[in-house]
2 protein chains.
Amino acid sequence: MPLTLEQINAASVADLTEQLHGVYEHSPWVAEDAATKRPFTSLAHLRQALVTVVREAPREAQLHLLRAHPELAGKAIDPQALTTESRHEQVQAGLHACTPEELAQIQELNAAYRAKFGFPFILAVRGPRGQGLSKAEILATFARRLAHHPDFEEAEGLRNVHRIAEIRLNDKWGIEPTLGNQVWDWAEALAQHSEQDGALTVTYLSAAHQACAKDIAQWMRNDCGFDEVGIDAVGNVVGLYHGENDQAPRLLTGSHYDTVRNGGKYDGRLGILVPMVCVRQLHRQGRRLPFALEVVAFAEEEGQRYPATFLGSSALVGTFDSTWLEQVDPQGISMREALRSAGREPDIDTIATLQRNARHYLGFVEVHIEQGPVLNGLDLPLGIVTSINGSARFTGEITGMASHAGTTPMSMRKDAAAAVAELLLYLEQRAAAHPNLVGTIGILEVPNGSINVVPGRCRFSLDIRATTDALRDACVTDVLAELDRICQRRGVSCAVQETLRIAAAPSAPAWQSRWEQAVTALGLPVHRLPSGAGHDAMKLHEILPQAMLFVRGLHAGISHNPLESITNGDAELSVQAFQRLIEQLAKESR
Amino acid sequence: MPLTLEQINAASVADLTEQLHGVYEHSPWVAEDAATKRPFTSLAHLRQALVTVVREAPREAQLHLLRAHPELAGKAIDPQALTTESRHEQVQAGLHACTPEELAQIQELNAAYRAKFGFPFILAVRGPRGQGLSKAEILATFARRLAHHPDFEEAEGLRNVHRIAEIRLNDKWGIEPTLGNQVWDWAEALAQHSEQDGALTVTYLSAAHQACAKDIAQWMRNDCGFDEVGIDAVGNVVGLYHGENDQAPRLLTGSHYDTVRNGGKYDGRLGILVPMVCVRQLHRQGRRLPFALEVVAFAEEEGQRYPATFLGSSALVGTFDSTWLEQVDPQGISMREALRSAGREPDIDTIATLQRNARHYLGFVEVHIEQGPVLNGLDLPLGIVTSINGSARFTGEITGMASHAGTTPMSMRKDAAAAVAELLLYLEQRAAAHPNLVGTIGILEVPNGSINVVPGRCRFSLDIRATTDALRDACVTDVLAELDRICQRRGVSCAVQETLRIAAAPSAPAWQSRWEQAVTALGLPVHRLPSGAGHDAMKLHEILPQAMLFVRGLHAGISHNPLESITNGDAELSVQAFQRLIEQLAKESR
């Protein structure tokens with residue numbers, strides 16, 4: 001019988017360690033050290049305490065923990081050598097029944113991995129949903145991780161140790177993250193609709209896009225108990241869960257359901273599905289809040305099909321420009337024609353009426369996968385967004401003088417690439433000097449470069465983002481001034497063109513604080529971070545106070561990529577955080 | 001009547017200045033200052049003294065000299081505003097008879113040029129051969145130079161001022177560089193043979209290549225009076241001018257007549273034509289030397305058609321590998337088939353016999369266009385090569401981690417491009433720290449780079465050359481060690497592959513010294529420099545002492561390019577230097 005939270009907090013260190021036996025493979029010291037961090041306010045708190053013990057342990061102890069794990073399928077045939085837990089997991093993954101070819105492949109990977117990193121390959125074979133990865137998925141992950149840098153892979157190994165521990169703890173306590181599973185399963189179901197075989201691509205008004213809208217509307221209506229569900233003139237799916245009375249103000253929330261080409265399953269969609277589960281729970285309990293919940297699945301945010309972006313949220317804030325209707329996609333189909341084909345023709349002229357009246361709304365909140373490495377690197381499931389960064393982009397080209405790499409003395413060169421290299425390193429240190437600033441040269445190319453020619457031209461891009469416009473603009477000014485100095489000093493010339501400038505959207509302090517209270521109430525530490533990417537909240541910011549909650553992305557937070565992933569555990573915490581937020585808001589409203 | 005050299009050295013400053021009136025436009029101070037540098041040992045010495053005065057003048061005086069020149073066609077219709085010399089030159093270039101469209105175009109260029117640089121566009125419209133550029137050539141040059149960096153263009157303007165002065169001096173003294181003209185005209189005639197319309201491309205054994213060989217052989221035989229002329233089994237044209245007797249040793253000289261694609265007219269060919277003119281002069285005088293002159297027009301050096309390079313000189317040093325005969329060109333034609341088509345089939349088996357016996361030769365000398373900016377930048381017509389640089393080449397790729405440019409904090413990045421940028425700047429300063437060393441990253445590319453993605457990969461090349469192998473290898477070692485440190489520090493990985501390593505070929509001191517004496521005897525300063533590019537002399541180095549003479553290339557020494565050019569005056573000096581070298585050698589041999 002697992003101990004209750006109260007019993008855990010009261011237990012002797014020995015009893016607690018015994019209770020946590022096997023959670024961290026052959027490493028009781030993790031539980032012993034965590035015991036000193038009591039009292040815990042939640043099981044999430046306990047889990048996080050175990051993680052923190054490992055994070056704060058000396059590197060030797062971390063390596064020892066890694067090395068305490070068995071090789072994959074290494075001794076799966078030899079039950080003696082494995083802990084009960086490990087054997088169970090490996091058998092569940094089918095690793096006890098490999099073909100000789102599979103076994104040979106795994107042994108080869110094991111040897112190469114150990115030779116490169118000095119510890120065994122550790123993978124939470126139960127996977128992000130906890131139901132087990134296929135052998136093919138396991139092998140693909142193995143091959144991919146073998147290519148990692150040792151520093152990164154050491155951290156990735158530890159992250160898998162923590163995921164294994166999370167699943168083992170859940171098993172021990174008989175806990176199933178059913179809310180998170182629902183989010184995860186809906187995301188999986190939505191991902192069945194795609195324009196592309198073998199890749200997730202859902203662009204505005206494609207058949208896959210319409211199928212997603214249909215699924216979402218149906219789930220809202222049939223599974224969640226929203227009172228009103230509809231698809232509006234631009235394709236947004238809008239679900240309304242009434243408040244206690246007709247005069248109740250509304251809380252607006254949601255995110256987008258379109259994707260980039262070959263994108264991930266959670267970008268946008270998570271922010272639709274999390275509040276849907278919350279409404280489902282409210283409905284099951286027959287509860288009404290002093291405010292209505294309006295959940296919007298925005299039709300378009302990514303700008304993949306038409307030059308205009310944020311089509312869905314623009315309609316809500318009243319900045320949908322009707323001339324956009326004449327924009328054409330790469331196939332020459334205008335947005336108007338696409339809306340017509342999607343059966344939205346009768347509504348086209350009503351787009352302007354979609355604009356929301358801010359007076360009827362309390363504010364806008366959005367849950368989103370982080371799409372960055374911060375939470376993953378800190379082993380934290382949730383983060384509080386302080387601001388959606390303002391950004392500025394430039395493309396540039398430096399012109400020096402192409403010359404013979406053998407015959408041109410260093411002092412007589414006009415090396416265009418060297419000038420860009422200087423700029424890159426300047427930008428890197430300038431941006432690193434402030435925590436809320438990032439700067440990137442993502443495009444860098446000597447056109448038609450030859451091994452024996454001093455570069456006469458070098459193309460580059462600049463992308464500078466910051467939590468405030470002032471911070472961004474100061475960086476832009478410094479970088480362009482430095483570029484000028486570099487060109488002067490090197491006797492090269494430069495043409496730079498600004499291609500984009502978007503204002504920052506700082507979170508509304510009251511709403512940011514509500515997210516912080518919600519996360520704290522879950523027993524999790526509050527970690528604040530800016531959003532480097534743009535989100536629908538950036539548009540809603542124009543008419544409503546807004547704040548976002550970030551959810552950890554696996555694999556260093558990779559996004560816009562099929563590897564984009566979250567665990568069912570983190571999805572569960574997102575739903576719980578959203579529930580806390582609305583409870584808090586309900587309390588304030590009375 | 002022009003003064004003799006003796007009279008020049010004895011004249012009063014005022015008389016000398018009067019004599020040089022109009023040579024430097026409205027700037028008698030140039031002649032006045034040059035007067036203090038007397039005595040002059042040659043007219044070349046006088047010319048160089050005038051150049052030096054301008055070089056050493058304060059920048060304000062240089063700008064004043066530039067501004068003293070008229071605009072192109074600006075007032076060509078108004079003879080009052082132009083000096084006699086300027087009017088003569090502009091009329092000769094047809095600028096007095098522009099169509100209204102041409103005039104409008106020139107005025108527009110004049111205005112843009114003056115706005116950018118603050119001085120008028122100055123061009124020696126008589127051109128490199130002294131016979132006048134076409135209006136189309138003038139306009140193309142104008143447009144090209146308008147794009148230059150101001151520092152460079154200021155120097156280019158002054159170089160044109162000196163070229164104008166050289167031509168005016170020649171006119172004044174009634175001097176025609178007939179030997180240089182012959183070299184220039186032969187180079188022009190050879191350039192009529194090409195595989196490509198509108199570009200000079202002569203690759204091994206093409207029809208154009210065979211036509212070149214035929215011309216050279218014919219000129220050697222009919223125009224120059226070589227005693228024996230033949231085309232050998234690999235396509236080298238070999239001309240022998242007998243010495244005083246059959247036992248006379250031989251001086252070997254020559255260079256290659258193949259070109260790169262869209263190459264220049266002088267690369268290689270200059271080193272064939274200069275000794276040919278010398279032999280022609282000896283023959284005309286009926287002179288025999290205590291040694292024979294063997295002039296070889298090497299069939300192949302550039303490696304454009306087959307992977308193997310230096311085919312011609314390899315045959316002479318006995319390293320022609322018979323397996324090369326089976327190499328195929330991009331059209332699938334083997335070298336053996338190409339030799340067969342060129343009618344050389346009966347000789348293929350005799351290639352090995354082309355190897356020269358070093359005991360019969362005094363050494364190897366080669367005249368070559370510099371293919372670099374050094375002499376052009378120093379306003380020097382000739383330079384002495386100290387060594388043909390040893391080189392090492394690598395290609396590499398750094399792998400970091402691609403991540404979102406907005407969401408990845410600076411501290412969590414693994415930016416592959418930033419690592420290469422660091423390497424580039426390290427290489428630049430490491431190479432610059434030693435005058436006989438150059439290092440280049442000519443290929444630099446983030447594959448599929450995006451403006452909003454931190455570079456996960458970056459491809460680059462390394463090209464490192466030095467006068468000695470030890471110097472080169474020390475640099476290679478340091479650069480690779482630094483690359484390692486950068487990768488360690490940044491947590492990125494790198495794969496580097498060496499693609500080439502060629503030994504340095506230092507000049508034989510005695511032969512280098514003979515070139516120095518020859519240049520000194522012409523009244524020119526000795527400037528020593530390494531050869532950054534490879535040359536046939538590098539192969540001959542394997543069996544004979546060798547030394548090279550470099551001739552200034554115009555347009556910052558650009559080569560492997562249609563803009564590659566030399567003046568007839570510099571060609572004349574090359575011939576004179578070669579004549580001095582053989583006179584000196586004759587003296588030593590007696």
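Since we're looking at a predicted model, the values are computed, not measured.

Rules and cut-offs
- Along each chain, the written sequence defines residue order, and numbers are assigned to residues from 1.
- Lettering for chains starts from A, numbering for ligands starts from 1, and both go in the order in which the items are written.
- Totals for whole chains, interfaces and linings use all residues, but because this is a predicted model, local features are given only for residues with pLDDT of at least 70 and pairs of side-chain atoms are given and counted only at 80 or more.
- Side-chain descriptors were evaluated using all non-hydrogen atoms of the structure, hydrogens and water having been removed beforehand.
- Segments assigned H or I by DSSP are reported as helices when at least four residues long, segments assigned E as strands when at least two residues long, and all are numbered from the N terminus.
- We compute the radius of gyration over the C-alpha atoms and compare it with the globule rule, which gives 2.2 Å times the number of residues raised to the power 0.38.
- Burial classes follow relative accessibility: with a 1.4 Å probe on protein chains only, a residue under 20% of its type's maximum area counts as buried, one over 50% as exposed, and anything between as partly exposed.
- Two residues form a contact once any of their heavy atoms are found within 4.5 Å.
- Buried area: the accessible area, evaluated with a 1.4 Å probe, that two parts lose upon being put together, summed over both parts.
- Any carboxyl oxygen of Asp or Glu that lies within 4 Å of a side-chain nitrogen of Lys or Arg is treated as forming a salt bridge with it.
- In protein, a polar contact requires one atom able to donate a hydrogen and another able to accept it; more generally it is a pair of N or O atoms within 3.5 Å, and residues adjacent in sequence count only if both atoms are side-chain atoms.
- Copy-to-copy superposition: least squares on the C-alpha atoms, limited to residues that have pLDDT of at least 70 in both copies.
- Positive: Lys, Arg. Negative: Asp, Glu. His and the chain ends are not part of the count.
- At least two bridges found by DSSP between two strands are what make those strands a pair.
- The score called pLDDT rates the predictor's confidence residue by residue, from a low of 0 to a high of 100.
- When we speak of the arc, we mean the arc of directions from the helix axis to the C-beta atoms.
- In summary, the pairing rule links any two rings of Phe, Tyr or Trp, Trp by its six-membered ring, whose centres are within 6.5 Å, and it sorts them by plane angle into stacked for under 30 degrees, edge-to-face for over 60 and tilted for everything else.
- Over a ring means this: the NZ of a Lys or the CZ of an Arg is within 6 Å of the ring centre and within 35 degrees of the ring normal.
- For a helix, the expected span equals 1.5 Å multiplied by the residue count minus one.

A. Broad picture of the overall build of chain A. A count of helical and extended segments in chain A gives 21 helices and 16 strands. At 26 Å, chain A has a C-alpha radius of gyration in line with the 25 Å of a compact globule built from 590 residues. Its C-alpha atoms give chain A principal-axis dimensions of roughly 75 × 70 × 45 Å. Across the 590 residues that make up chain A, the buried fraction comes to 59%.

B. Looking closely at the interface of chain B and chain A. On the chain A side, the residues contacting the 61 residues of chain B number 62 residues. In this assembly, chain B packs against chain A so that about 4,600 Å² is buried in total across both faces, 67% of it on carbon and sulfur atoms. A per-residue breakdown of the area chain B buries against chain A is headed by Met410(B), Leu444(B) and Ile451(B), which together make up 15% of the total. Here Glu428(A) makes a salt bridge to Arg490(B), at a shortest N to O gap of 2.7 Å. Viewed at the interface, chain A and chain B are joined by ten residue pairs in polar contact (both at pLDDT 80 or more). In terms of residue count, helix 16 (residues 416-432) of chain B provides more of the side of chain B that touches chain A than any other element does, nine residues in total.

C. Representation of the relation of the copies chain B and chain A in the model. Take chain B, turn it by 180°, move it 0.0 Å along the axis, and it overlays chain A with an RMSD of 0.1 Å. On the angle and the small slide along the axis, the relation comes out as a two-fold axis. Both copies present the same face, since 100% of the interface residues in chain B are matched by interface residues at the equivalent positions in chain A.

D. Summary view of unusual backbone geometry. With an omega of 5°, the peptide bond between Arg38(A) and Pro39(A) qualifies as cis. If you check the backbone angles, Asp379(B) has positive phi at about 55° while not being a glycine. Residue position: Asp379(B) is located in the loop between helix 15 (374-378) and strand 6 (382-388). Given the relative accessible area of 9%, Asp379(B) is considered buried.

E. Structural context of the pattern of salt bridges. All names here are of chain A. Applying the stated rule across the entire model yields 78 salt bridges over all chains. Between Glu156 and Arg159 there is a salt bridge, with its nearest N and O atoms 2.9 Å apart. Of this pair, Glu156 and Arg159 both sit in helix 9 (residues 150-173), three residues apart, which is roughly one turn of that helix. A relative accessible area of 5% places Glu156 in the buried class. The exposure class of Arg159 is buried, given its relative accessible area of 13%. Among the charged side chains, a salt-bridge network with shared partners connects Asp469, Arg472, Asp473, Glu498 and Arg501.

F. Highlighting the side chain of Glu572(B). Residue and element names in this part refer to chain B. With respect to the element layout, Glu572 can be found in helix 21 (residues 568-589). No salt bridge is formed by the buried Glu572, whose closest oppositely charged neighbour, Arg280, lies at an N-O distance of 8.2 Å. Ignoring any residue separated from it by four or fewer positions in sequence, one finds Glu572 in contact with Pro177, Thr178, Leu179 and Gly180.

G. Quick look at the pairing of strand 1 (residues 228-231) of chain A. Residue and element names in this part refer to chain A. The pairing of strand 1 with strand 2 (residues 237-241) spans four bridges and is classified as antiparallel. The residue bridging Gly230 from the neighbouring strand is Val238, located in strand 2. Two successive antiparallel strands, strand 1 and strand 2, enclose a turn made up of five residues, where Gly235 displays a positive phi of approximately 105°.

H. Here's a closer look at the environment of His69(B). Residues and elements named next belong to chain B. As for its position among the elements, His69 is in the loop between helix 5 (59-67) and helix 6 (84-92). What His69 contacts, discounting residues up to four positions off in sequence, is Glu25, Pro120, Ile122 and Val161. Within the structure, His69 has its side chain in polar contact with the backbone oxygen of Leu65 (distance 2.9 Å).

I. Main features of the confidence of the model for chain A. For chain A, per-residue confidence averages 94 on the pLDDT scale, and 98% of positions sit at 70 or higher. Both confidence scores are given for the complex: pTM 0.83, ipTM 0.84.

J. Layout of the side chain of Ser42(B). Residues and elements named next belong to chain B. Topologically, Ser42 is positioned in the loop between helix 3 (28-35) and helix 4 (43-56). Assessed through its relative accessible area of 14%, Ser42 is described here as buried. Among the polar contacts listed, one links the side chain of Ser42 to the backbone oxygen of Leu522, at a separation of 2.7 Å. With residues up to four places along the chain from it excluded, the contact list for Ser42 reads Leu5, Leu522 and Gly523.

K. Region of interest: helix 6 of chain B. Residues and elements named next belong to chain B. By the burial criterion, the buried members of helix 6 are Ser86, Glu89 and Gln90. Angularly, the buried residues of helix 6 cover 95° about the axis, an arc narrow enough to put them on a single face. Where helix 6 is buried, its residues touch helix 9 (150-173). Directly beyond the C-terminal end of helix 6, a positive phi value near 80° is found at Gly94.

L. Highlighting the pairing of strand 2 (residues 237-241) of chain B. All names here are of chain B. Where burial is concerned, most of strand 2 is hidden: five out of the five residues are buried. Bridging between strand 2 and strand 4 (residues 292-298) involves five bridges; their strand directions are antiparallel. What sits directly across from Leu240, in strand 4, is Glu294.

M. Examining the packing of aromatic side chains more closely. Inspection of every chain in the model, using the stated rule, returns 22 aromatic pairs over all chains. Look at Tyr113(A) and Phe142(A): their rings are 5.8 Å apart centre to centre, the planes differ by 75°, and that puts the pair in the edge-to-face class. Placement of the pair is Tyr113(A) in helix 7 (residues 100-117) and Phe142(A) in helix 8 (residues 135-146), with a sequence separation of 29 residues. By the burial criterion, Tyr113(A) is buried, and Phe142(A) matches it. The interplanar angle of 70° and the centroid separation of 5.1 Å between the aromatic rings of Phe320(A) and Trp324(A) together place this pair among those described as edge-to-face. Overall, Phe320(A) belongs to the buried group, its relative accessible area being 13%. Through successive ring pairs, a cluster of aromatic residues spans Tyr113(A), Phe117(A), Phe119(A), Phe121(A) and Phe142(A). For the cation-ring pair, Arg514(A) lies above Trp511(A), with the distance from its terminal atom to the ring centre recorded as 4.3 Å. Here the basic side chain of Arg288(B) rests over the ring of Tyr241(B), its NZ or CZ set 4.2 Å away from the ring centre.

N. Region of interest: the environment of Val519(A). Along the chain, Val519(A) falls in helix 18 (residues 509-521). Apart from the residues lying within four places of it in its own chain, the contact partners of Val519(A) are Leu382(A), Ile384(A), Leu524(A), Pro525(A), Val526(A) and Leu549(A).

O. View of helix 16 of chain B. All names here are of chain B. Its 17 residues place the ends of helix 16 25 Å apart at the C-alpha level, agreeing with the 24 Å of an ideal helix rising 1.5 Å per residue. Of all 17 residues in helix 16, 14 are buried, a share of seventy percent or more. The N-cap of helix 16, judged by a side-chain oxygen 2.9 Å from the amide nitrogen of Ala417 a few residues on, is Asp415.

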